[in-house]
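Given next are the chains, with one letter for each unit.
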Amino acid sequence: MVRKKTTVAKIGSVYIGGQNPIAIQSMTKSVTADVDATVKQIQMLEEAGCEIIRCAIVDKTDAEAIREIKSRITIPLVADIHFDSRLAVKALKSGADKVRINPGNLGGEEKFLTVLEEAGNYGAAVRIGVNGGSLSKDLYERFGGASARALAEDALRYVDLAKRQGFDNIVVSLKSSSVADCVEANKLFSAQCDCPLHIGITEAGTYEDGIIKSAAGLGALLLEGIGDTLRVSLSEEPVREVYAAKKILSHTGVRRGGAEVISCPTCGRCKADVIGYARQVRALTREVAPYIKIAVMGCAVNGPGEARDADVGLAFGADSAVLFEKGIQVAAVKAEEAVELLMQCIQQIAGQGL
Ligand code: SF4
């Protein structure tokens, strides 16, 4: 996979685009003006691996709260603004590192240009968002709805306006709740513009559907080298968004990290509770930081061979298990001792900074 070359945008201390790591974002679900609750949520997200946080700015009080929130967190903060360009300006004055706006719902080009000018004055970035809800009327009519082409055209139009104003600290997002439209819109845009892209499936849904839709859509884009920052949006606790984002990045191979546990689906040859062992290994390896591939397999005959690309793994018999590294058996133990032995081996490998 060759990553698409994009320009670099600066969001506080984080750089997006170019060869910079694809940054993980999430959004708080608290009322932003409730500073204690918002800071607490951001700190939890930061600990989970969130690198840029976005907060909804609904009114003046939210915008003013940014200053204090920023003094208590370390990751860059993005102010999420809809409809009211004055709130974007207030958020910038309060120290927002980036504002996310949908130019199509700000009430005219002039207001969009004012936000860009203020962002420039404060050294902040702007995310230009387009989606079906904010799509320009003429494009909606020309393309017969919020199609992928219409979204791409809309985004290109706003980027052009920003560049003509001399503002280029831009990130762009083209979002749809349809995986196919979202992927297509981002591909069309990416083929015509080198601005960094924030990718995400909007209103992806509750946990199960949301994760599957996000993995399908974001995975498709990332594997094409498209995407410079991402958010998995879920109707769920926000830390789950971060965990999901990390997994999507790791499983697509664009930013590997942590433990990848592969396990066989089991079949008639399996004589042990492999599903239970796999869950146990998954739970015990959540905190492992370096990338390591771990296998939990249901039979000693096929298991090590089928999982030979794993760094380490277990293959279970009825009462026993074999521990293998890169497909080669290195020990045999009783089944009930197997997970402990595996964990010792993982700690040893992870300690070597694998
Ligand atoms: S590893 Fe063994 S038990 Fe698991 S699916 Fe393959 S053949 Fe079946």
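Residues numbered from 1 in each chain as written. Predicted model: local features only at pLDDT ≥ 70, side-chain atom pairs only at ≥ 80, totals over all residues.

A. Inspection of the packing of helix 6 (residues 148–164) against helix 7 (residues 179–192) at higher detail. It is at 8 Å that the axes of helix 6 and helix 7 come closest, and there the two elements cross at 40°. Between helix 6 and helix 7, the angle falls in the class oblique. Judged by the twist between their axes, the crossing of helix 6 over helix 7 is right-handed. Between helix 6, through A148, R149, L151, A152, A155 and L156, and helix 7, the contact on the second element is made entirely by D181, E184, A185, L188, F189 and Q192. Here the residues of the contact of helix 6 with helix 7 sort into eight nonpolar, one polar and three charged. (Axes fitted to C-alpha atoms, helices over the stretch in contact; angles between N-to-C directions. Helix = DSSP H or I, 4+ residues; strand = E, 2+ residues; numbered from the N terminus. Parallel < 35°, antiparallel > 145°, perpendicular 65-115°, else oblique. Left-handed = near helix turned anticlockwise from the far one by under 90°. Contact = placed C-beta atoms within 7 Å. Nonpolar A, V, L, I, M, F, W, Y, C, P; charged D, E, K, R; others polar.)

B. Region of interest: the site of the ligand. In the region of the ligand, the neighbouring residues are C264, P265, T266, C267, R269, C270, M297, G298, C299, N302, G303 and E306. In terms of residue class, the shell around the ligand is built from six nonpolar, four polar and two charged. (Near = placed C-beta within 6 Å.)

C. Region of interest: the nonpolar core. Core analysis: the largest hydrophobic core is formed by 81 residues, its most contacted members being A91 and V99. Looking at which element gives the most residues to this core, the answer is helix 6, with eight residues. Setting aside chain neighbours within four positions, we find A91 in contact with I57, A63, I66, A79, I81, A96 and V99. V281, V296, L314 and F316 belong to the second largest nonpolar core, which has 27 residues in total. (Core = buried A, V, L, I, M, F, W, Y, C linked by C-beta atoms within 7 Å. Buried ≥ 20, exposed ≤ 12 C-beta atoms within 10 Å, placed from the backbone.)

D. Region of interest: the sheet that holds strand 7 (residues 125–131). Taken in spatial order, the eight strands make up an open sheet running 8-7-6-5-4-3-10-9, and their pairing is parallel. Edge positions in the sheet fall to strand 8 (170–175) and strand 9 (198–199), since each of these pairs with one other strand and no more. Docked against the sheet, helix 7 engages strand 8 and strand 9, running at close to 145° with respect to strand 8. (Pairing = 2+ DSSP bridges.)

E. Structural detail: the pairing of strand 14 (residues 320–325). In the sheet, strand 13 (residues 312–316) pairs with strand 14 via four bridges, with the strands oriented antiparallel. Pairing of L314 across the sheet is with L323, part of strand 14. Between strand 13 and strand 14, which pair antiparallel in sequence order, lie three residues. Pairing of strand 14 with strand 15 (residues 328–334) involves six bridges; the strand directions are antiparallel. Opposite V322, over in strand 15, you have A332 as the bridge partner. Counted between consecutive antiparallel strands, the loop separating strand 14 from strand 15 contains two residues, among which K326 sits at a positive phi close to 50°.

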